[in-house]
Amino acid sequence: WNNPLEVVFRQYVNVDKPRGAPEVDENLIWEIFEKPVVNTITQKYPEKYQHNLDTLEFMQVFTEGVSWYDVQRKFIASMACADTGLIAAETGAGKSAMAIGLIQCKAPGRTLLIAPKGTVDDGGSMDLAQWQGEFKKFSPDTPVFTISSETDIEHLRKKNGGEMPYGVFITWD
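Residues numbered from 1 in each chain as written. Predicted model: local features only at pLDDT ≥ 70, side-chain atom pairs only at ≥ 80, totals over all residues. Heavy atoms only, no water.

*Asks:* I'd like a description of the overall build of the protein, backed by residues and values.
*Replies:* Along the protein, the regular secondary structure elements total 8 helices and 3 strands. Starting at the N terminus and ending at the C terminus, the protein contains elements arranged as α-α-α-α-α-β-α-α-β-α-β. Counting the 173 residues in the protein, one finds 27% classified as buried. In the protein, once contacts between residues fewer than 6 apart in sequence are set aside, the share between residues at least 24 apart is 57%. Accessible surface, the protein: about 12600 Å² in total, of which carbon and sulfur atoms supply 53%. (Helix = DSSP H or I, 4+ residues; strand = E, 2+ residues; numbered from the N terminus. Buried < 20%, exposed > 50% of the residue type's maximum accessible area, 1.4 Å probe, protein only. Contact = heavy atoms within 4.5 Å. Areas by Shrake-Rupley, 256 points an atom, 1.4 Å probe, with all protein chains shown as cover.)

This is the structure:
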């Protein structure tokens, strides 16, 4: 190529440079390469994003006790535009509520929620009451079923003409 500009990338870590400092001046990189346009998920799916915001607003208006922080609303609405994601936050940040909001935005017929063992283990016995309580609080009209054995699945299928009912199925790993 005809560009006399040469970029030398590091061969080792410079311990004298503060952590987090750029290795190469970003402007120099975009002089050499074409900078790609990367849309955010809200730019890529504006209709889905708005629909998700509307769903969360509906939950807040019509469900007593539901109140989203702005950052939660934006996160859930954005995440619901994608097919994969991870809700990771500190204790008390509302991960359970966010998961329920995400389920409402995605509106699947059936959801399998695999609860972390630490959220259902009360000293040897498994109790899914915490999760059932979260659904009663944040999405009271959602049918919630607990599955702790194959017998539970067969019982649900038998009650519903051989098929699993629509709703949320909670179990643990």
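*Asks:* With reference to specific residues and values, describe the environment of tyrosine 166.
*Replies:* Looking at the secondary structure, you find tyrosine 166 in the loop between α8 (150-159) and β3 (167-172). The class of tyrosine 166 is exposed, set by a relative accessible area of 56%. Between the C-alpha atom of tyrosine 166 and that of glycine 109, which follows or precedes it by 57 residues, the distance is 5.3 Å. The contacts of tyrosine 166, once residues within four sequence positions are left out, are Gly109, Arg110, Pro143 and Phe145.

*Asks:* Explain the layout of surface pockets to me, using residue names and the numbers behind them.
*Replies:* Put simply, the largest pocket is a space of about 490 Å³. As for the largest pocket, its lining consists of 21 residues, of which Ile87, Ala99, Leu102, Leu113 and Trp131 are closest to the centre. Listed by contribution, the elements that provide at least two residues to the lining of the largest pocket are α5 (95-106) and β1 (110-115). Ranked by residues supplied to the lining of the largest pocket, first place goes to α5 with 6 residues. Taken together, the residues that form the lining of the largest pocket break down as 13 nonpolar, 5 polar and 3 charged. Approximately 190 Å³ is the volume found for the second largest pocket. Lining the second largest pocket are Thr55, Phe58, Met59, Phe62, Thr63, Gln104, Phe138, Ser139, Pro140, Asp141 and Thr142. Among the elements that make up the lining of the second largest pocket, the one with the highest residue count is helix α3 (residues 46-62) (4 residues). Partitioning the lining of the second largest pocket into residue classes produces 5 nonpolar, 5 polar and 1 charged. (1 Å grid on protein atoms, 1.4 Å probe; cavity = no way out; pocket = protein on both sides within 12 Å on 5 of 7 lines; lining within 4 Å. Points joined across faces, edges and corners; volume = space filled by probe spheres on them. Nonpolar A, V, L, I, M, F, W, Y, C, P; charged D, E, K, R; others polar.)

*Asks:* Would you mind going over the side chain of threonine 142 in detail, with residue names and values included?
*Replies:* Along the polypeptide, threonine 142 turns up in the loop between α7 (129-138) and β2 (144-146). The class of threonine 142 is buried, set by a relative accessible area of 18%. At 2.4 Å, the side chain of threonine 142 and the side chain of serine 139 are in polar contact. Threonine 142 has contacts with Gln104, Phe135 and Val168, leaving out every residue within four places of it along the chain. (Polar contact = N/O pair within 3.5 Å; in protein donor to acceptor, adjacent residues only side chain to side chain.)

*Asks:* Residues and numbers for α5, please.
*Replies:* Over its 12 residues, α5 extends 16 Å from the first C-alpha to the last, a length consistent with the 16 Å expected when each residue adds 1.5 Å. Burial analysis of α5 places 9 of its 12 residues in the buried class, which makes it a mostly covered element. Of the positions making up α5, those classed as buried are Ser96, Ala97, Met98, Ala99, Ile100, Gly101, Leu102, Ile103 and Cys105. Its buried side turned inward, α5 meets α3, α4 (70-79), β1, α7 and β3. One or two positions beyond α5, positive phi appears at alanine 107, with a value near 50 degrees. (Expected span 1.5 Å × (residues − 1).)

*Asks:* I'd love a proper account of the state of the cysteines, names of residues and values included.
*Replies:* Working definition of a disulfide: a covalent bond connecting the sulfur atoms of two cysteines. One pass over the full model with this rule turns up 0 disulfides. The thiol of cysteine 81 is unpaired, and the distance to the nearest cysteine sulfur, on cysteine 105, comes to 8.5 Å. Classification of cysteine 105 by relative accessible area gives buried; the value is 6%. (Disulfide = S-S within 2.5 Å.)

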